Amino acid sequence: MDPISMNSYNVSNLLRISGLATGLDTDSIVQQLIRAASIPLDRLEQQKQWYQWQQEDLRDINSQLMSLRNDNVFKLKLQGTFMAKTVTSSNPSVATATAGANAVNGSYTISVSQLAQAATTASTDKIGAATKNSDGTYTYNALNNTGSDITLYLKGLDGNDKEIIIKNGATIKDVVAAINAKTNETGVSATYDPGLDRLFLVSNFTGTNSKIDFSGTTDPTAQNFLTTTLKLDSKVLDTGGITGQDALFTFNGVQMTSSTNNVTVAGINITLTGTSNSTTTLTVLTDVDKIYNTIKSFVDSYNDIITKINAKLTEKRYYDYPPLTSEQKQAMKDSDIKLWEEKARSGNLNNDETLMRVYYSMRNVVSSTVSGVGSLSSIGITTGQWYEGGKLYIDETKLKDAIANDLDKVMKIFAGVYETDSNGNTTLKTSGIAQNLYDTLKQGIDAITRKAGSTAQLYDTSFIGNRIREIDDRIAQMQRYLNDLEKRYYAQFTQLEMYVGQMNSQSAWLSQQIGVMMK
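Residues numbered from 1 in each chain as written. Predicted model: local features only at pLDDT ≥ 70, side-chain atom pairs only at ≥ 80, totals over all residues. Heavy atoms only, no water.

This part takes up the pattern of salt bridges. In the structure shown here, the tally under the stated rule is 23 salt bridges. In this structure, Asp460 engages Arg59 in a salt bridge whose closest nitrogen and oxygen atoms are separated by 3.3 Å. With a gap of 401 residues between them, Asp460 in the loop between α13 (433–452) and α14 (463–518) and Arg59 in helix α3 (residues 39–77) connect regions that are remote in the sequence. According to the relative accessible area criterion, Asp460 is buried, its value standing at 15%. Residues joined by salt bridges that share partners form a network here, namely Glu56, Asp57, Lys312, Glu315 and Arg345. (Salt bridge = Lys/Arg side-chain N within 4 Å of Asp/Glu carboxyl O. Helix = DSSP H or I, 4+ residues; strand = E, 2+ residues; numbered from the N terminus. Buried < 20%, exposed > 50% of the residue type's maximum accessible area, 1.4 Å probe, protein only.)

Structural data, given as structure tokens:
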């Protein structure tokens, strides 16, 4: 077959012949041709990188918007946030307290004559349950030496006797384990102190219903084990056993009792800590600092994100610094790559329509007025200069004064105006700034998610996500085209080499024939 007539597909699988006949640097020529043909591929890669940067920055902003909404704005929607109270006690050794949202500001008196206590008893003397060794350890002695098991009956929480078996030869460790095995049923726990050589029993709750009652134990041997061996107070065998006691106190002159030392009266959560013949005063006030700090936290977070968005919307774009290709990065230092990409990435959200709508919507909400109540500026929260892009500033003195003296206004500006009908049902009449901002943030987050997607999505259906997939498809097609093009170039150069080689052979034959004829 004439080698000149062979097409590229017939020689595509042949070994590449590089410059044997022509002397050409085939590899270099082919690579330069492919490099020129790869320019559209580089542009696709750069375009993909640009979209990826946009996606990353938008998702970062979205994350910050969600944090603002969930961690700050949500709290300011709730009326309870503005009902934070602080309570001071004139004598914390008698009573301390915290206040719930329903507590009314004012002073309250409390006098404690008796604290609630749990039923408790202990060995009245050493019981010889352990012997201390020279190395500081203990050897535990057998306490049940009767030759048979002993059955004790301890009253349970349900009022029925619970069986506790003390095995023959049992040590104090076994006794403690047997009693504690029934704690969930009896509410009584046991401990042993080897240093004091005494057994301690205590109920797990306080009040007169707290009991240590072994009255169901009628066997003389078992009774003797309790009172003689363990040396417990004989009252544990009486009907009703040993009981705890309720707390006795007066609140604003009203006598009260409680089975625990933690009581709630008039929305005030009181912890009784001691007794006294004198009266203790509990003063309930609005927790100005807590409410102020909640608002300040919101303002700080709002300023962070509004400043960041404004910076991205106005960031300069450097058109002379496109994203680097892989080949360009290979020829550069890491430090140079970093500096280049800072400029290449700059301005990727400049005047972005989606982001701009979110930005101005947020600003419109915080600068709005709640009908019939007022605006943020009326309580000391104002907007900075125009060039600061909507940043908020707090007049601490004015805001704290509003919280202390006009809390209802502060609450309505943020949480909205509620009204109660004749049936006692409460409904929102006018939305506050927090509710409006919460809704605005949700809409903005959804809009950004539609454009840039979310890391929480299993499949990214966003606008940028779809664009990246389209570019990936075009890149794959382009790479296949370049692979085929490279094969075709090599096939063509192979044909050239074979053609020139044939011509050289023919030329040599002709030269030989002419030489013979000249002889």
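Burial of nonpolar side chains together is a common tendency in soluble globular proteins. Core analysis: the largest hydrophobic core is formed by 65 residues, its most contacted members being Leu65, Phe82, Ile295, Met362 and Phe414. Going through the elements one at a time, α2 (26–37), α3, α7 (288–314), α10 (353–366), α11 (396–405), α12 (407–415), α13 and α14 are the ones with two or more residues in this core. The leading source of residues in this core is α7, at 11 residues. Those residues within four positions of Phe82 in sequence are excluded, and the remaining contacts are Leu76, Ile291, Ile295, Leu407, Val410, Met411, Phe414 and Ala415. Listed in part, the 30 residues of the second largest apolar core include Ala119, Ile172, Ala178 and Ile179. (Core = buried A, V, L, I, M, F, W, Y, C linked by side-chain atoms within 4.5 Å. Contact = heavy atoms within 4.5 Å.)

One can describe the packing of α3 onto α7 by two numbers: an axis separation of 10 Å at closest approach and a directional angle of 160 degrees. The orientation of α3 with respect to α7, classified from their angle, is roughly antiparallel. Judged by the sense of rotation from one axis to the other, the crossing of α3 with α7 is left-handed. In this structure, α3 uses Asp57, Asp60, Ile61, Gln64, Leu65, Leu68, Asn72, Val73, Lys75 and Leu76 to contact α7, whose residues at the interface are Thr294, Ile295, Ser297, Phe298, Ser301, Tyr302, Asp304, Ile305, Lys308, Ile309 and Lys312. In terms of residue class, the contact of α3 with α7 is built from 10 nonpolar, 5 polar and 6 charged. (Axes fitted to C-alpha atoms, helices over the stretch in contact; angles between N-to-C directions. Parallel < 35°, antiparallel > 145°, perpendicular 65-115°, else oblique. Left-handed = near helix turned anticlockwise from the far one by under 90°. Nonpolar A, V, L, I, M, F, W, Y, C, P; charged D, E, K, R; others polar.)

Quick look at the sheet that holds strand β2 (residues 95–99) now. Spatially, 3 strands are ordered β2-β16-β15 in an open sheet, and the strand pairing comes out antiparallel. Where the open sheet ends on each side, the last strands, each with one partner, are β2 and β15 (262–265). Within this sheet the neighbouring strands show an average axis-to-axis angle of 25 degrees, counted without direction. In this structure, β15 lies alongside strand β16 (residues 268–272), joined through 4 bridges in antiparallel fashion. Bridge assignment links Thr264 to a residue of β16, and that residue is Asn269. (Pairing = 2+ DSSP bridges.)

Spatial relationships are all this shows, so hold off on functional conclusions.
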